[in-house]
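# Descriptive structure summary
One letter stands for each residue in the lines below.
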Amino acid sequence: MLVSEMAAEVDGSVTEILGRFSAEKDQFIPELTQNLNAQVEQLSQDLQDSEQKMGEYNQVLELVSEDLEKLAV
C-alpha cells in the first residue's frame, strides 16, 4: 500500500511538473515571437536612421566637392 501511495504521489508530481512545463512552453513561443518582432522592427528603424544620416553626409560631401571644384578654377 505504501508503494502504491508513493507511486500516486510521484505520478501527481510528474503531472504537475509537465503541466507547468506545457504552460511555460505555450507562453514562451508567443513571447519569443513578440520579442523577435520587436527586435526586427528596432533594427529596421536603426537601418532607416543610418540610411538617412548617410544621405545627409552624402549631401554635405557633394557640397564640399562642389566648393573645392570652384576653388580649383
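Structure shown above.
Here goes a summary of the coordinates provided. (Residues numbered from 1 in each chain as written. Predicted model: local features only at pLDDT ≥ 70, side-chain atom pairs only at ≥ 80, totals over all residues. Heavy atoms only, no water.)

### Some thoughts on the overall build of the protein
To keep things clear, this is the line we draw: Helix and strand labels come from DSSP, where a helix needs a run of H or I of at least four residues and a strand needs a run of E of at least two; each type is numbered from the N terminus. We compute the radius of gyration over the C-alpha atoms and compare it with the globule rule, which gives 2.2 Å times the number of residues raised to the power 0.38. Relative accessibility under 20% of the residue-type maximum defines a buried residue, over 50% an exposed one, and the middle range a partly exposed one, all with a 1.4 Å probe and only protein chains included. Here the accessible surface of atoms and residues is derived via Shrake-Rupley with a 1.4 Å probe, and residues count as covered only by protein chains that are part of the display. Under the counting rule used here, the positive set is Lys and Arg, the negative set is Asp and Glu, and His together with the chain ends is not counted. In this description, the location of a charge corresponds to atom NZ of lysine, CZ of arginine, CG of aspartate or CD of glutamate.
Helix and strand counts for the protein come out as one helix and zero strands. For 73 residues, the compact-globule estimate of 2.2 N^0.38 gives 11 Å, and the protein exceeds it by more than 25% at 31 Å. Summarising its shape, the C-alpha atoms of the protein cover approximately 105 × 15 × 5 Å along the three principal directions. Evaluated residue by residue, the protein yields a buried proportion of 0% over its 73 residues. Accessible surface, the protein: about 6,900 Å² in total, of which carbon and sulfur atoms supply 60%. Counting 4 positive and 16 negative side-chain charges, the protein places the centres of these two groups 3 Å from one another.

### Re a negative patch on the surface
Where we set the bar: Each patch is assembled from residues with relative accessible area greater than 30% and no salt bridge, linking like charges that lie within 9 Å and nonpolar side chains (Val, Leu, Ile, Met, Phe, Trp, Tyr) that lie within 5 Å. Any Lys or Arg side-chain nitrogen located within 4 Å of an Asp or Glu carboxyl oxygen qualifies as a salt bridge.
Taken together, Glu62, Glu66, Asp67 and Glu69 make up a surface patch of like negative charges. For aspartate 67, a relative accessible area of 44% gives the class partly exposed.

### Re the environment of glutamate 66
Along the chain, glutamate 66 falls in helix α1 (residues 2–72). Judged by its relative accessible area of 42%, glutamate 66 is partly exposed. For the pair glutamate 66 and leucine 32, spaced 34 residues apart in the sequence, the C-alpha separation amounts to 51 Å.

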